[in-house]
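Coordinates in review
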Amino acid sequence: MTEAPPSDPASPAPPDPGEGLPGEGLIRDYLDMLAAERGAAANTLSAYRRDLADYLGALARGGHDPLAMEAGPLRAYLADLDTRGLSAASAARRLSCIRGFHRFLYAEGLAEDDPSAPIGGPRRVRALPKVLSVAEVDRLLAVAREAAAGDARGTRMLCLIELLYATGLRVSELVALPRAAASTKERYLVVKGKGGRERLVPLTEIARTAMRDHLANLSVDGPWLFPADSESGHLTRQSFARDLKGAASAAGLRADRVSPHVLRHAFASHLLQNGADLRIVQELLGHADISTTQIYTHVLDERLKSMVRDLHPLMDE
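The notes below deal with the structure included here. Because the structure is predicted, anything quoted here is derived from the model rather than measured. (Residues numbered from 1 in each chain as written. Predicted model: local features only at pLDDT ≥ 70, side-chain atom pairs only at ≥ 80, totals over all residues. Heavy atoms only, no water.)

**As for the pairing of strand E2 (residues 198-202)**
- Across the two faces of E2 the burial differs, with Arg 199 and Val 201 buried and Glu 198, Leu 200 and Pro 202 not buried at all.
- In terms of strand pairing, strand E1 (residues 188-192) meets E2 through 5 bridges, oriented antiparallel. In the strand pairing of E2, Leu 189 is matched with Val 201. (Buried < 20%, exposed > 50% of the residue type's maximum accessible area, 1.4 Å probe, protein only. Helix = DSSP H or I, 4+ residues; strand = E, 2+ residues; numbered from the N terminus. Pairing = 2+ DSSP bridges.)

**Focus: the packing of helix H5 (residues 134-148) against helix H6 (residues 152-167)**
- One can describe the packing of H5 onto H6 by two numbers: an axis separation of 7 Å at closest approach and a directional angle of 155°. Relative to H6, the element H5 lies roughly antiparallel. As H5 packs across H6, the resulting crossing turns out to be left-handed. When H5 is examined against H6, the residues Val 137, Leu 140, Leu 141, Ala 144, Arg 145, Ala 147 and Ala 148 are found in contact with a partner set consisting of Gly 154, Thr 155, Leu 158, Ile 161, Glu 162 and Tyr 165.
- Within the contact of H5 with H6, the residues separate by chemical class into 9 nonpolar, 2 polar and 2 charged. (Axes fitted to C-alpha atoms, helices over the stretch in contact; angles between N-to-C directions. Parallel < 35°, antiparallel > 145°, perpendicular 65-115°, else oblique. Left-handed = near helix turned anticlockwise from the far one by under 90°. Contact = heavy atoms within 4.5 Å. Nonpolar A, V, L, I, M, F, W, Y, C, P; charged D, E, K, R; others polar.)

**Comments concerning the nonpolar core**
- Counting residues in each nonpolar core, the largest one holds 41 residues, and the members touching the most others are Leu 140, Leu 163, Leu 174 and Phe 240.
- Among residues more than four places away in sequence, those in contact with Leu 140 are Ile 161, Leu 244, Ala 247, Ala 248, Ala 251, Leu 253, Val 258 and Leu 263.
- Counting residues in each nonpolar core, the second largest holds 28 residues, with Tyr 30, Met 33, Leu 45 and Leu 78 among its members. (Core = buried A, V, L, I, M, F, W, Y, C linked by side-chain atoms within 4.5 Å.)

**Here's the deal with the environment of Ala 216**
- Locating Ala 216 in the fold gives a position in helix H8 (residues 205-217).
- Overall, the relative accessible area of 67% leaves Ala 216 in the exposed class.
- When the C-alpha positions of Ala 216 and Thr 155 are compared, they lie 9.6 Å apart, and in sequence the two are 61 residues distant.

**Focus: the pattern of salt bridges**
- Under the criterion given, the structure shown has 15 salt bridges.
- One salt bridge in this structure joins Asp 243 and Arg 156, with 3.6 Å as the shortest N-O distance. Of this pair, Asp 243 sits in helix H9 (residues 237-250) while Arg 156 is found in helix H6, placing the two residues 87 residues apart along the sequence. For the pair formed by Asp 243 and Arg 156, the shared burial category is buried.
- Across the pair Arg 187 and Glu 205 runs a salt bridge whose closest N-O atoms are separated by 3.2 Å. Of this pair, Arg 187 sits in the loop between helix H7 (171-175) and E1 while Glu 205 sits in helix H8; the two residues are 18 residues apart in sequence, bridging distant segments of the chain.
- When salt bridges with common partners are traced through the structure, they connect Asp 51, Asp 54, Asp 80, Arg 84 and Arg 94 into a single cluster. (Salt bridge = Lys/Arg side-chain N within 4 Å of Asp/Glu carboxyl O.)

Following this line, the structure appears as structure tokens:
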């Protein structure tokens, strides 16, 4: 067994796995390698020690030797993690630790095979985007309209909210709109998004009116629709996000539930709820891949269920 290196203040030694743990020597050797060769932090080493102690303890109870085993016991261990209520993300991190451990044993010649090689990671459930209801967006807009009466700053905030909810623009696209956008006679904007790709974004009459009102209240010249004293010359994403949270609080909404991204998600979700096609929403959001837009399929699922419930001829029988 490799002896643990002496403590070095510049490179924290791995924590002692403790006496009596199954495979404690193997754990110590692996943690020594992580500390010496990869500069793993003390907290990381401590977490790995706990994960490996749990894993090797389970193997020992099943009579399995980590130096001579196939994938079956590892699969069984991962299945047990699920029954113990471990989240998919936590199980994935646990598997990553175990993979590294078995690769180390194989690379060091201590094991003849790596039983983790054929194991697929647990499927992670993609978190659904935070979305405001239509009623909540209405409340936010109502408060913004009240604040806009005779106030240039309020008019700007109303314009930002109306535009974002009407178009689903990325916040970086919104704050950098040119001043000419407010004077367009078209019912759409030409927006340059990620990768320099251009797309057409339809404008509602309400959004067009909000832009004209904001432009009429601007007291400074320049190329930007939302000029500001910043390095870029226009409003920053951070400033808009901060002011939006203030508007949310005034509307009686929790500030941590409202952000520019949340309004963009509301735009997409509310369109789908009202029958829009997923491919059209993909184009409007500027997603290069439909898989990115598919985080909204939960909305489609609910709409399909309601259509069957409301329209199927046998549902009332």
